[in-house]
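Descriptive structure summary
If you want the building blocks of each chain, they are given just below.
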Amino acid sequence: MSTTGQGFVRPSMGTRNVLVPARSRRGALAGISLITRSKPAALAAQWALYGAVAAFGPRAVPGPRVAWEPPGGRERWEALRARVGTFDDLALYERPQASRTGLAAVLLRAGRPTGFLKLREEPGELDREERALSAFPEGRAEGFRVPRVLDRGETAGWHWMVIEAMPPRPARPVRGVELEPLLGDLQRRLKDVLPRTAEIPPHWVPMHGDLTAWNLRRCGPGLPWLIDWEDAAWAPPGADVVYYEATRVAVFGKPSSPDAGRGHAEAAEFWLKRVALRSDGDHDAPLKARLSEVLRSMNPHSRP
């Protein structure tokens, strides 16, 4: 069964980077679950759409029916399909950041997720994520769970990895999370799998590298999921806390507590430099500007 052509809907609910499969009810529900929402009103709208699709099927998804052509052409895509495994449909997540290439997709069989595919032109991000996830062989840790790696390879010039898919239902950010025990376990595990070169300052510690409210999400009962480990690396102490709080303020308008993220001037400067290197594309620019403003407030010695 072909996974290309006119079998997708681009939902018109404030997102342009998700393609929902329109061939089955279950597949459409998996696609709606890919939409990342964090604010209460947006989450409520996503759940309303999820309920409508559960009741009425893919025709309940508002938005244009679109064609999707796989990157690199169909011949390359078919070679990848033959290597990755059996699936008859997919829900697509196109990376919204202009500075990042590649795509991700929930692989579906009879509408049920069988894995989450990440496809890249270069192996670096997948190498880092695979290495980080290897620190959690059981797929869980203190206070959170992580997706397990199911397969990894290179096919037709594409670097790819298939990881465990989250349950196909909308996920919400974890409220009132205690970061200290979570990060303590994370650092203990990552220090044994992350390579440490001589250039890394001796006081730096492991970090997740993209710890945000939208990457630490609760999807039904049980532990929340911590996803997107592609930027796991060494960083100044407090780097994950600073970035979590900075993104929280940038999106929600307030920190988790009045002094959250403060007292880590080196980590704030570290993130200021990294954020400055990001693209100024339409999607990136507003968040980049707001993040820079918040990070400067965390480090009074930084320059505008």
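To start, this report covers the structure provided alongside it. This structure is a prediction, so every number in the text was calculated from the model and none was measured.

Now for the overall build of the chain. Helices and strands together make up the secondary structure of the chain, namely eight helices and 15 strands. Relative to the globule expectation of 19 Å for 304 residues, the C-alpha radius of gyration of the chain, 20 Å, shows essentially globular dimensions. Taking the principal axes of its C-alpha atoms as reference, the chain extends roughly 55 × 40 × 40 Å. Residues counted as buried form 50% of the 304 residues belonging to the chain.

Moving on, we get to the environment of N215. Position of N215 among the secondary structure elements: in the loop between β12 (205-207) and β13 (216-218). A residue is classified by how much of its surface remains accessible, and N215, at 2% relative accessible area, is buried. Note: C-alpha distance between N215 and Y93 (122 residues apart in sequence) is 15 Å. For N215, the residues in contact, after removing those within four places along its chain, are D210, W225, L226, I227 and D228.

This part covers unusual backbone geometry. The backbone phi angle of A110 is positive, close to 55°, even though this residue is not glycine. With respect to the helices and strands, A110 occurs in the loop between β5 (103-109) and β6 (112-120). Even without a glycine there, the phi angle at D228 is positive, about 60°. Among the structural elements, D228 can be located in the loop between β14 (225-226) and β15 (233-235). Overall, the relative accessible area of 29% leaves D228 in the partly exposed class.

For the rest of this paragraph, the subject is the pattern of salt bridges. The final tally for this structure, using the stated rule, is 17 salt bridges. The salt bridge involving K118 is made with E129; its shortest N-O contact spans 2.9 Å. With K118 in strand β6 and E129 in helix α4 (residues 124-133), this residue pair connects regions lying 11 residues apart in the sequence. The residue R290 makes a salt bridge to E293 at a minimum N-O spacing of 3.2 Å. Of the two residues, R290 and E293 are both situated in helix α8 (residues 284-298); the distance of three residues between them amounts to about one turn of the helix. With a relative accessible area of 46%, E293 lands in the partly exposed category. When salt bridges with common partners are traced through the structure, they connect K118, R120, E125, E129, D228 and E230 into a single cluster.

Another point: the nonpolar core. Core analysis: the largest hydrophobic core is formed by 65 residues, its most contacted members being F144 and W229. Per-element accounting of this core gives the leading share, eight residues, to helix α6 (residues 239-252). Setting aside residues no more than four positions away along its own chain, W229 makes contact with R128, E129, A132, L133, F136, F144, V146, L186, L190 and H208.

This paragraph deals with the packing of aromatic side chains. Across all of its chains, the model carries 10 aromatic pairs by this definition. For the ring pair F8 and W68, a centre distance of 6.3 Å and an interplane angle of 70° mean the geometry is edge-to-face. With a gap of 60 residues between them, F8 in strand β1 (residues 5-9) and W68 in strand β3 (residues 65-68) connect regions that are remote in the sequence. In this structure, F8 and W68 share a single accessibility class: buried. Ring geometry for F270 against W271: centres 5.4 Å apart, planes inclined by 80°, an arrangement best described as edge-to-face. Of the two residues, F270 and W271, neither departs from the other in class, the shared state being buried.

With respect to the secondary-structure elements, R10 resides in the loop between β1 and β2 (18-21). Since its relative accessible area comes to 15%, R10 is described here as buried. Leave out the neighbours within four places in its chain, and R10 touches R16, N17, V18, L19, P62, G63, P64, V66 and E94.

Rules of the game
- Residues numbered from 1 in each chain as written.
- Predicted model: local features only at pLDDT ≥ 70, side-chain atom pairs only at ≥ 80, totals over all residues.
- Heavy atoms only, no water.
- Helix = DSSP H or I, 4+ residues; strand = E, 2+ residues; numbered from the N terminus.
- Rg over C-alpha atoms; globule rule 2.2 N^0.38 Å.
- Buried < 20%, exposed > 50% of the residue type's maximum accessible area, 1.4 Å probe, protein only.
- Contact = heavy atoms within 4.5 Å.
- Salt bridge = Lys/Arg side-chain N within 4 Å of Asp/Glu carboxyl O.
- Core = buried A, V, L, I, M, F, W, Y, C linked by side-chain atoms within 4.5 Å.
- Phe/Tyr/Trp six-rings, centres within 6.5 Å; stacked < 30°, edge-to-face > 60°.

Purely geometric stuff here, so don't read any function into it on its own.
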